[in-house]
Amino acid sequence: MLPAQVKKEFRGELLCFLYDIHPLSISLTSIYQTYFQYWKTEDIDKILEYLVEKGYVEEETVQPPNTMFETVRRFKITPAGIDLLDGTIEDPGVLIVRR
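Figured I'd write up the structure that's included with this text. (Residues numbered from 1 in each chain as written. Predicted model: local features only at pLDDT ≥ 70, side-chain atom pairs only at ≥ 80, totals over all residues. Heavy atoms only, no water.)

**Some words on helix 2 (residues 28–35)**
Owing to its 3.6 residues per turn, the α-helix brings residues three or four apart onto one side. Selection criterion: The classification of residues rests on relative accessible area computed with a 1.4 Å probe and restricted to protein chains. Under 20% of the type maximum is buried, over 50% is exposed, and intermediate values are partly exposed. Every helix listed is a DSSP run of H or I at least four residues long, and every strand listed is a run of E at least two residues long, numbered separately from the N terminus. By construction, the arc corresponds to the directions joining the helix axis to the C-beta atoms.
Every buried residue belonging to helix 2 is among Leu28, Ile31 and Tyr35, and all of these are buried. When helix 2 is viewed along its axis, its buried side chains cluster within an angular range of 60 degrees and face the same direction.

**Section: the packing of helix 2 against helix 3 (residues 41–53)**
As a reminder of what qualifies: Fitting a line to C-alpha atoms yields each axis, with helices limited to the stretch in contact; the angle taken between N-to-C directions then spans 0 to 180 degrees. By the definition adopted for this analysis, an angle is roughly parallel if under 35 degrees, roughly antiparallel if over 145, roughly perpendicular if from 65 to 115, and oblique otherwise. In a left-handed crossing the near helix is turned counterclockwise from the far helix by less than a right angle, and in a right-handed crossing that turn is clockwise. The contact definition used throughout considers only heavy atoms, calling two residues in contact when any of these lie within 4.5 Å. All residues other than Ala, Val, Leu, Ile, Met, Phe, Trp, Tyr, Cys, Pro, Asp, Glu, Lys and Arg, Gly among them, are scored as polar; the first ten of these are nonpolar and the last four charged.
It is the contact of helix 2 with helix 3, at a shortest axis distance of 10 Å, that shows an interaxial angle of 125 degrees. Regarding the angle of helix 2 to helix 3, the classification is oblique. Crossing of helix 2 against helix 3: the hand is right-handed. The segment helix 2 lies against helix 3, with Leu28, Ile31, Tyr32 and Tyr35 engaging Thr41, Ile44, Asp45 and Leu48. Of the residues assigned to the contact of helix 2 with helix 3, the class counts are six nonpolar, one polar and one charged.

**Some words on the packing of aromatic side chains**
Spelled out, the test is: Only centres within 6.5 Å qualify two rings of Phe, Tyr or Trp (six-membered ring in Trp) as a pair; their planes then separate them into stacked at under 30 degrees, edge-to-face at over 60, and tilted for everything else. Definition used: whenever NZ (Lys) or CZ (Arg) falls within 6 Å of the ring centre and also within 35 degrees of the ring normal, the charge is taken to sit over that ring.
Under the criterion given, the structure shown has three aromatic pairs. Centroid distance Phe10 to Trp39: 4.1 Å. Interplanar angle 15 degrees. Geometry classified as stacked. One end of the pair, Phe10, is in helix 1 (residues 4–21); the other, Trp39, is in the loop between helix 2 and helix 3, and 29 residues separate them in sequence. The exposure class assigned to Phe10 is buried, which follows from its relative accessible area of 1%. Centroid distance Phe17 to Tyr35: 5.7 Å. Interplanar angle 80 degrees. Geometry classified as edge-to-face. Separated by 18 residues along the polypeptide, Phe17 in helix 1 and Tyr35 in helix 2 bring together distant segments of the chain. For Phe17, a relative accessible area of 19% translates into the label buried. Ring pairs connect the aromatic residues Phe10, Phe17, Tyr35 and Trp39, which therefore count as one cluster. The lysine or arginine in question, Arg11, covers the ring of Tyr50, its NZ or CZ lying 3.7 Å from the ring centre.

**What about the packing of helix 1 against helix 2?**
Relative to each other, helix 1 and helix 2 sit at 120 degrees, their axes nearing to 13 Å. It follows from the interaxial angle that helix 1 and helix 2 lie oblique. For the pair helix 1 and helix 2, the crossing hand works out as right-handed. Across the interface between the two elements, Phe10, Glu13, Leu14 and Phe17 of helix 1 pack against Ile31, Thr34 and Tyr35 of helix 2.

Now the structure itself:
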């Protein structure tokens, strides 16, 4: 289990990452590939779950073309997530490190 401060920092880092690619979404697999050197997939899943539940990130499940059974989970920052990064709303569970 990650310490609370580490979770807060990673939530902020992941929001910044999603902001940088906004308005595009990104697959869960690509997020894993980006952060695999530093984070376990279970930790990434928990952080994303928090951000989705709070409404800062939108999750979409899509079926890629030419596949019958495969689905892909994609994530995108929401307007609330952008507001959190901009400082117009606050969440003590997310630490935004200003760049």
